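# Working through the structure, step by step
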Amino acid sequence: MAQPCRAGLNGYDKIAPDKVVFDTDNGQRMLLQFCSPDVIKVEYSFDGEFQDEAPTPAVINDALEKMDVNVADNANNYEMFTSALRVSLDKKPMRLRIY
């Protein structure tokens, strides 16, 4: 049985207009890439390092539209919005919700 994530979030870096990296208090990291208003690519790194993007048979092009996401830093969560989605990332414990 999978164990719940007990990590909390320490902050974030917007590394590109469409990419945000969130840092956890245990050295792990989560990358959110907004590919279009209704498509988000999520990567999670247990060692804090992301692998170079390798082509996969399922994904040929993950930059579907030019996106520029803004991050709202609230007391208990981070929020990001597109015209189609609301993304909420709770800080402690870390929890990703997409509406």
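To keep things clear, this report deals only with the structure shown in the data block. (Residues numbered from 1 in each chain as written. Predicted model: local features only at pLDDT ≥ 70, side-chain atom pairs only at ≥ 80, totals over all residues. Heavy atoms only, no water.)

Mapped onto the secondary structure, Asp38 falls in the loop between strand 3 (29-36) and strand 4 (39-45). Its relative accessible area of 54% is what places Asp38 among the exposed residues. Sequence separation between Asp38 and Thr82 is 44 residues; the distance between their C-alpha atoms is 7.5 Å. A distance of 2.9 Å separates a polar atom in the side chain of Asp38 from a polar atom in the side chain of Ser36. (Helix = DSSP H or I, 4+ residues; strand = E, 2+ residues; numbered from the N terminus. Buried < 20%, exposed > 50% of the residue type's maximum accessible area, 1.4 Å probe, protein only. Polar contact = N/O pair within 3.5 Å; in protein donor to acceptor, adjacent residues only side chain to side chain.)

All right, on to the sheet that holds strand 4 then. A sheet is described by the order of its strands in space; here 4 strands give the open sequence 1-2-3-4, paired in antiparallel fashion. Edge positions in the sheet fall to strand 1 (9-16) and strand 4, since each of these pairs with one other strand and no more. Between one strand and the next, the sheet's axes are offset by a mean angle of 20 degrees, whatever the strand orientation. Here 5 bridges tie strand 2 (residues 19-24) to strand 3, and the two strands are oriented antiparallel to one another. (Pairing = 2+ DSSP bridges. Axes fitted to C-alpha atoms, helices over the stretch in contact; angles between N-to-C directions.)

By size, the foremost hydrophobic cluster in this structure holds 16 residues, and its most contacted members are Phe22, Leu32, Phe34, Tyr78, Met80 and Leu89. For this core, the leading source of residues is strand 3, giving 3 residues. The contacts of Phe34, once residues within four sequence positions are left out, are Asp18, Val39, Ile40, Met67, Val69, Met80, Thr82 and Val87. (Core = buried A, V, L, I, M, F, W, Y, C linked by side-chain atoms within 4.5 Å. Contact = heavy atoms within 4.5 Å.)

Strand-to-strand pairing in sheets goes through backbone hydrogen bonds, with the strands running parallel or antiparallel. Ordered in space as 5-6-7-8, the 4 strands form an open sheet in which the pairing is antiparallel. Lying at the two open borders of the sheet, with one neighbouring strand each, are strand 5 (71-73) and strand 8 (94-98). If you compare each strand with its neighbour and ignore which way they point, the axes differ by 15 degrees on average. In the sheet, strand 7 (residues 86-91) pairs with strand 8 via 5 bridges, with the strands oriented antiparallel.

On to the packing of aromatic side chains, then. Under the defined criterion, the tally for this structure stands at 4 aromatic pairs. Seen from their ring centres, Tyr12 and Tyr78 are 5.3 Å apart, and the 75 degrees between their planes marks the pair as edge-to-face. Taken together, the residues span a long stretch of sequence, with Tyr12 in strand 1 and Tyr78 in strand 6 (residues 77-81) at a distance of 66 residues. On the accessibility criterion, Tyr12 (29% relative accessible area) is partly exposed. Note on Tyr78: relative accessible area 3%, which makes it buried. With 5.3 Å between their ring centres and 50 degrees between their planes, Phe22 and Tyr78 make a pair best called tilted. (Phe/Tyr/Trp six-rings, centres within 6.5 Å; stacked < 30°, edge-to-face > 60°.)

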